[in-house]
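One-letter residues, chain by chain:
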Amino acid sequence: MTASSEPARGAGVPTRAGRGGPAAKTSAAAAFALVFGVAALISVLTVILSWFGLILGIIGVVLGIVGLKMAGRPGVTGRGVAIGGLVLSALAVLIGLAFAAGITTALNDEGAVDRIQREVDDLRDRLDN
């Protein structure tokens, strides 16, 4: 076989765009939205870092919206990734707000604070014995 009779490398192989044109690229904003959404959800579920997860979730929501808009451009993919990041980020924000509301309510209720103080005192007494 001679070089002229061999097919060119990659000839006839469809690209991700499927039209034989340049390969479509995933939106960077969509990818970052997913990363921020996962990080926000993990942070919020640790409860101690819920304030940090709330901030990451808000950033993830913004990036998810930008990623959705960018995915509508020709040659850019990532709509599903942006939706996933947006959903995870929104979930993290909702959980973070619920934790913040619960903590605020508990700390503003004097009866709840007194119950917590009694529990802490009882635990200290048990440790001393």
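This text goes with the structure placed above it.
Residues numbered from 1 in each chain as written. Predicted model: local features only at pLDDT ≥ 70, side-chain atom pairs only at ≥ 80, totals over all residues. Heavy atoms only, no water.

**Q** What is the right way to look at the packing of helix α1 (residues 28-45) against helix α2 (residues 50-71) in this model?
**A** Two elements in contact, α1 and α2, have axes whose closest approach is 7 Å; the angle formed by their N-to-C orientations is 160 degrees. It follows from the interaxial angle that α1 and α2 lie roughly antiparallel. You can see that α1 and α2 cross each other, and the crossing is left-handed. Across the contact of α1 with α2, the residue classes break down as 15 nonpolar, seven polar and no charged. (Axes fitted to C-alpha atoms, helices over the stretch in contact; angles between N-to-C directions. Helix = DSSP H or I, 4+ residues; strand = E, 2+ residues; numbered from the N terminus. Parallel < 35°, antiparallel > 145°, perpendicular 65-115°, else oblique. Left-handed = near helix turned anticlockwise from the far one by under 90°. Nonpolar A, V, L, I, M, F, W, Y, C, P; charged D, E, K, R; others polar.)

**Q** Is there a simple way to think about the packing of aromatic side chains in this case?
**A** For any pair of aromatic rings, the description rests on two quantities: the centre-to-centre distance and the angle between the ring planes. This model, assessed by the stated rule, comprises one aromatic pair. On the basis of an interplanar angle of 65 degrees and a centroid distance of 5.8 Å, the ring pair of tryptophan 51 and phenylalanine 52 is categorised as edge-to-face. On the accessibility criterion, tryptophan 51 (55% relative accessible area) is exposed. Phenylalanine 52 sits in the partly exposed class, given a relative accessible area of 36%. (Phe/Tyr/Trp six-rings, centres within 6.5 Å; stacked < 30°, edge-to-face > 60°. Buried < 20%, exposed > 50% of the residue type's maximum accessible area, 1.4 Å probe, protein only.)

**Q** Can you walk me through the nonpolar core in this structure?
**A** A general feature of soluble globular proteins is that nonpolar side chains tend to end up buried together. By size, the foremost hydrophobic cluster in this structure holds five residues: Ala40, Leu41, Val44, Leu56 and Ala92. Excluding residues within four positions of it along the chain, leucine 56 makes contact with Phe36, Ala39, Ala40 and Ser43. (Core = buried A, V, L, I, M, F, W, Y, C linked by side-chain atoms within 4.5 Å. Contact = heavy atoms within 4.5 Å.)

**Q** When you look at the side chain of serine 27 in this model, what are you seeing that I'm missing?
**A** For serine 27, the position within the fold is in the loop between β1 (25-26) and α1. The class of serine 27 is buried, set by a relative accessible area of 2%. A polar atom in the side chain of serine 27 sits 3.3 Å from the backbone nitrogen of alanine 29. (Polar contact = N/O pair within 3.5 Å; in protein donor to acceptor, adjacent residues only side chain to side chain.)

**Q** What exactly am I supposed to notice about α2 here?
**A** Across its 22 residues, α2 extends 30 Å between first and last C-alpha, which sits within 8% of the 32 Å expected from 1.5 Å per residue. Within α2 the residues assigned to the buried category are Ser50, Gly53, Leu54, Leu56, Gly57, Gly60, Gly64, Gly67 and Ala71. Along the axis of α2, the buried residues cluster in a sector spanning 160 degrees; they form a single face. Projecting away from the buried face of α2 at angles above 90 degrees are the exposed residues Trp51 and Lys69. Check the buried side of α2 and you find it contacts α1, β2 (76-77) and α3 (79-108). (Expected span 1.5 Å × (residues − 1). Arc of directions from axis to C-beta.)

**Q** Explain the side chain of serine 89 here, please?
**A** Inspection of the secondary structure puts serine 89 in helix α3. Once you skip the residues sitting within four places of it in the chain, serine 89 turns out to touch Ala33, Phe36, Gly37, Gly57, Gly60 and Val61.

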